[in-house]
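Observations on chain architecture
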Amino acid sequence: MHTTLMPSQIEIVPFEPSLREYFYTLNAAWLQKHFVIEPIDEQVLRDPEHAVLAPGGAIFFARLRDAVIGTCALLHEAPGVYELSKMGVDESFRGLGAGRLLLHAAIAEFHQRCGHTLFLESNSSLKTALHMYEQAGFVLQPTVRAGSHYARADVYMVYAPGQDAAPARQPQ
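Quick look at the structure, then. Each chain has its residues counted from 1, following the order in which its sequence is written. Totals for whole chains, interfaces and linings use every residue, but because this is a predicted model, local features are given only for residues with pLDDT of at least 70 and side-chain atom pairs only at 80 or more, for both listing and counting. Water and hydrogen atoms play no part in the side-chain values, which are based on all heavy atoms of the structure.

**Focus on the overall build of the protein**
Numbering of helices and strands runs from the N terminus; a helix is a DSSP stretch of H or I covering at least four residues, while a strand is a stretch of E covering at least two. Of regular secondary structure, the protein possesses 5 helices and 7 strands. When the elements of the protein are put in sequence order from the N terminus, they spell out β-α-α-α-β-β-β-α-β-α-β-β. This radius of gyration counts C-alpha atoms alone. The globule rule is 2.2 Å times how many residues there are, raised to the power 0.38. Against the globule reference of 16 Å for 172 residues, the protein gives a C-alpha radius of gyration of 15 Å, in line with a compact fold. Considered along the principal axes of its C-alpha atoms, the protein spans approximately 40 × 35 × 35 Å. Throughout, exposure labels follow a simple rule: accessible area from a 1.4 Å probe, protein chains only, divided by the maximum for the residue type, with under 20% read as buried, over 50% as exposed, and the rest as partly exposed. For the protein, the residues scored as buried account for 49% of the 172 residues in total. Only heavy atoms enter the contact rule, under which two residues are in contact if any of them lie within 4.5 Å. In the protein, once contacts between residues fewer than 6 apart in sequence are set aside, the share between residues at least 24 apart is 64%.

Pasting the structure below:
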């Protein structure tokens, strides 16, 4: 459908109030398709200014011409500690590189903020996303994250570019 489009046509832009609705709709689409919207998701997606931006996080959007096709968030958890979260790309625009561009924007922001720990939680069923994270330097950890906020999370990865992947484990 969009085979003539090029990743170079995708622009990554920061949060602005006019884009707020896309943060919810893009994430709700993949969450409802694969899982459910959990209370923590609802809280973050409905009020990104308070839940993400006010504590020191960032939100990025992938825009293709006038269409907002993807989003992701960098949540500030503690001094120097960030979570890559709420990454979603419209199904009809997958395969164009928007997810990879969003991921690189979030990693660049993490470095710009002099962060020391960047992690993500995901699910083993999201094979394409997990592969993308591994290619970007995230390393699978042997156990799920202690105190995880997400019932769906059976994968915990930490950004450690240049390190070999941890031994494979079976999701719980």
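That was the structure; now back to the text.
**Digging into the nonpolar core**
Most often, soluble globular proteins keep nonpolar side chains buried together rather than apart. Among buried residues, those of type Ala, Val, Leu, Ile, Met, Phe, Trp, Tyr and Cys that are joined through side-chain atoms within 4.5 Å constitute a nonpolar core. Of all hydrophobic cores here, the largest spans 32 residues; its most connected members are Leu-84, Met-87, Leu-103, Leu-118, Tyr-133, Phe-138 and Met-157. Of all the elements in the fold, those that place two or more residues in this core are strand 2 (58-64), strand 3 (67-78), strand 4 (81-89), helix 4 (98-112), strand 5 (117-122), helix 5 (127-135), strand 6 (138-140) and strand 7 (155-159). Counting residues per element, this core draws most heavily on helix 4, which supplies 7 residues. In contact with Leu-118, not counting residues within four places along its chain, are Leu-74, Tyr-82, Glu-83, Leu-84, Ile-107, Phe-110, Phe-138, Met-157, Val-158 and Tyr-159. Counting residues in hydrophobic clusters, the runner-up holds 21 residues, among them Leu-26, Trp-30, Phe-35 and Leu-126.

**Focus: the environment of Ile-107**
The topology assignment puts Ile-107 in helix 4. Classification of Ile-107 by relative accessible area gives buried; the value is 6%. Along the sequence, Ile-107 and Tyr-159 sit 52 residues apart, while their C-alpha atoms lie 8.9 Å from each other. Those residues in contact with Ile-107 that sit more than four places away from it in its chain are Leu-118, Ala-136, Phe-138 and Tyr-159.

**Considering the pattern of salt bridges**
Oppositely charged side chains can pair when the atoms bearing their charge come close. Whenever Lys or Arg places a side-chain nitrogen within 4 Å of a carboxyl oxygen from Asp or Glu, that contact is recorded as a salt bridge. Within the structure shown, the criterion is met by 11 salt bridges. The partner of Glu-91 in a salt bridge is Lys-33, and the shortest N-O contact between them spans 2.5 Å. Remark: Lys-33 occurs in helix 1 (residues 20-34) and Glu-91 occurs in the loop between strand 4 and helix 4; sequence separation between them is 58 residues. The network of salt bridges with common partners includes Glu-38, Asp-41, Lys-86 and Arg-152.

**A word on the pairing of strand 5**
Taken across its 6 residues, strand 5 has 5 buried, putting it largely inside the fold. When DSSP locates at least two bridges between a pair of strands, those strands are taken to pair. Alignment of strand 4 against strand 5, held across 3 bridges, turns out to be parallel. Bridge pairing in strand 5 places Val-81 opposite Thr-117. Assignment of crossover handedness uses the view with strands pointing away from the viewer, where a clockwise path from the first strand over the helix to the second indicates a right-handed crossover. Crossover strand 4 to strand 5 through helix 4 is right-handed.

**With respect to helix 2 (residues 39-46)**
Because an α-helix packs 3.6 residues into every turn, residues spaced three or four apart end up facing the same way. Among all positions of helix 2, only Asp-41, Val-44 and Leu-45 are buried. Buried residues of helix 2, seen end-on, are gathered within an arc of 95° and therefore sit on one face of the element. Where helix 2 is buried, its residues contact helix 1, helix 3 (48-53) and strand 4. By construction, the arc corresponds to the directions joining the helix axis to the C-beta atoms.

**Quick word on the side chain of Ser-122**
Within the secondary structure, Ser-122 sits in strand 5. The exposure class assigned to Ser-122 is buried, which follows from its relative accessible area of 9%. Non-local contacts of Ser-122, meaning those with residues more than four positions away in its chain, are made with Leu-130, Tyr-133, Arg-152, Ala-153, Asp-154 and Val-155.

**Description of the sheet that holds strand 1 (residues 10-14)**
One open sheet accounts for 7 strands, arranged 1-2-3-4-5-7-6; its pairing is mixed. The open sheet terminates on both sides in strands that have one partner only, identified here as strand 1 and strand 6. Strand-to-strand, the axes of this sheet are offset by a mean angle of 25°, without reference to chain direction. Each of strand 4, strand 5, strand 6 and strand 7 is contacted by helix 5, which is oriented at about 20° to strand 7, the strand it contacts most. Geometry is summarised by axes, namely lines fitted to C-alpha atoms with helices restricted to the contacting stretch, and by angles between N-to-C directions that run from 0 to 180 degrees.

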